[in-house]
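Fold and contact review
Residue strings, one per chain:
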Amino acid sequence: MKRIFKDFINMKSILALLFVLSPFISKADAVGSAPQSADMFSIIILVILVLITLVLLYILFTLKVFLDHAKPKASAEPVMSGFLKKLTDTVPLDQEESILTDHVYDDIRELDNNLPPWWKYMFYATIVFSFVYIYYYHFNENGQLQIEEYTEELAVAEKEKEAYMKLAANSIDETNVKLADIKGIEKGKGLFVQNCAACHGASGEGGVGPNLTDPYWLHGGGVKNVFKTIKYGVPQKGMISWKAQLSPSAIQEVASYIISIQGSNPANGKAPQGDKYEGKE
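Attention in this report is confined to the structure presented alongside it.

About the cut-offs
- Each chain carries its own residue numbering, running from 1 in the written order of its sequence.
- Two thresholds apply to this predicted model, a pLDDT of at least 70 for residue-level local features and 80 or more for giving and counting side-chain atom pairs, whereas whole-chain, interface and lining totals are computed over all residues.
- Computation of side-chain values: all heavy atoms of the structure, hydrogens and water removed.
- Only DSSP runs of H or I with at least four residues qualify as helices, and only runs of E with at least two residues qualify as strands; both kinds are numbered from the N terminus onward.
- Polar contacts, as counted here, are pairs of nitrogen or oxygen atoms within 3.5 Å of one another; within protein the pair requires one atom able to donate a hydrogen and one able to accept it, and residues that are adjacent in sequence qualify only if both atoms are side-chain atoms.
- Two residues qualify as a contact provided that any one of their heavy atoms is within 4.5 Å of a heavy atom in the partner residue.
- Note on exposure labels: buried denotes an accessible area under 20% of the residue type's maximum, exposed denotes more than 50%, and partly exposed covers the range between, all computed with a 1.4 Å probe on protein chains only.
- Pairing between strands is defined by DSSP: at least two bridges between the two strands are required.
- Only the stretch in contact is used when fitting a helix axis, every axis being a line fitted to C-alpha atoms; angles between N-to-C directions are given from 0 to 180 degrees.
- What sets the label is the angle itself: under 35 degrees gives roughly parallel, over 145 gives roughly antiparallel, 65 to 115 gives roughly perpendicular, and the rest give oblique.
- Amino acids outside the nonpolar list (Ala, Val, Leu, Ile, Met, Phe, Trp, Tyr, Cys, Pro) and the charged list (Asp, Glu, Lys, Arg) are all regarded as polar, and Gly is one of them.
- A helix is expected to reach a length of 1.5 Å times the quantity of its residues less one.
- A pairing counts as a salt bridge when a side-chain nitrogen of Lys or Arg comes within 4 Å of a carboxyl oxygen of Asp or Glu.

Some remarks on the side chain of K231
You can see K231 is positioned in helix 8 (residues 222-232). Polar side-chain contacts of K231 include one of 3.4 Å to the side chain of Y232. Not counting residues within four places of it along the chain, the set of residues in contact with K231 comprises D173, E174, S241, W242, K243 and I251.

Dropping the structure here:
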């Protein structure tokens, strides 16, 4: 008996503690990130409600045990036996005659048993859950349907892709550089006109610098050699190093554009200089 009262008091203490801590939990949640604060608050409230429900059920069960012990021994019923009986609503074997039906198949008579209460309660719970689900996902601004979650995940993936591409672009050098795509070549054209046309001509025909449209190169052809030449420059010939002004990805785009104008034969092309490059891109 003392143990029952002790458990009852402990459950009351836990319940009171949950109510006391709930404002602090919600306050700590409000300090978090704004987009996720409402969701976290809803989850915390739901967990607290579930815990309170379990505590209340335990208290009721404890009271039931106390009342059963308070009954005279002759009328006391085993707690678990009564609990299972209410949970299953089964009819004892010696009373099955009262629920027999007229339906007989293969000499087997059918019983008219009620649906188990535990099954009905679960069904009722699914109905309640459906209303909560509909409210949360269709009327509450915090609830996201699958298409919204998918759209949000795509946006997150796009940001992660951009971050990865920036990181990958900074790792490009003359040993691993490859030709850029069409979009990168278009960017390279703009950078070439802006930074390189003064010495090499607007079409790469050459000027102070050599012709970039013929197969002859002073410092090696191919995207890797061109990338290296742009990156480190040729100080003895008056060409500066561009690694301080252009990112590795930008140098890749310029080098790719120069490779793309090979054989274009612009007007007023400067005479070939250097050695013929036999490699293929």
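There is more to say after this.
So, the side chain of H200
Tracing the chain through its elements places H200 in helix 7 (residues 197-200). Given the relative accessible area of 13%, H200 is considered buried. If near-sequence neighbours (up to four positions away) are discounted, H200 is found in contact with F192, E205, G206, G207, G209, P210 and L212.

A look at the pairing of strand 2 (residues 108-111)
Where strand 1 (residues 100-105) lies against strand 2, three bridges are found, and the strand directions are antiparallel. Each residue of the ladder has a partner; that of V104, found in strand 2, is R109. Hairpin connection between strand 1 and strand 2: a loop of two residues separates the two successive antiparallel strands, and D106 in this loop has a positive phi of roughly 55 degrees.

Let's talk about the packing of helix 6 (residues 182-195) against helix 9 (residues 248-260)
Helix-helix packing is characterised by the crossing angle of the two axes and by the distance between the axes. Interhelical geometry of helix 6 versus helix 9 gives an angle of 95 degrees and a closest axis separation of 7 Å. Between helix 6 and helix 9, the angle falls in the class roughly perpendicular. Residues G184, I185, K187, G188, K189, L191 and F192 of helix 6 touch helix 9, and the partners they reach there are A250, E253, V254, S256, Y257, I258 and S260. Residues of the contact of helix 6 with helix 9, tallied by class, amount to seven nonpolar, four polar and three charged.

Brief notes about helix 9
Helical geometry: 3.6 residues make up each α-helical turn, so side chains three or four residues apart lie on a common side. If you check helix 9, its first and last C-alpha atoms are 18 Å apart, about what 13 residues at 1.5 Å a residue would give, namely 18 Å. Burial analysis of helix 9 places ten of its 13 residues in the buried class, the great majority of the element. Among the residues of helix 9, those classed as buried are A250, I251, Q252, E253, V254, A255, S256, Y257, I258 and I259. If you follow the buried residues of helix 9, they end up packed against helix 6, strand 3 (216-217) and helix 8.

A short note on the environment of E205
Locating E205 in the fold gives a position in the loop between helix 7 and strand 3. In this structure the C-alpha to C-alpha distance between E205 and N268, which are 63 residues apart in sequence, comes to 6.7 Å.

As for the pattern of salt bridges
Taken as a whole, this structure holds one salt bridge when the rule is applied. Between E174 and K231 there is a salt bridge, with its nearest N and O atoms 3.3 Å apart. With E174 in the loop between helix 5 (146-170) and helix 6 and K231 in helix 8, this residue pair connects regions lying 57 residues apart in the sequence. K231 matches E174 in its accessibility class, with the two residues each being buried.

Purely geometric numbers; function is a separate question.
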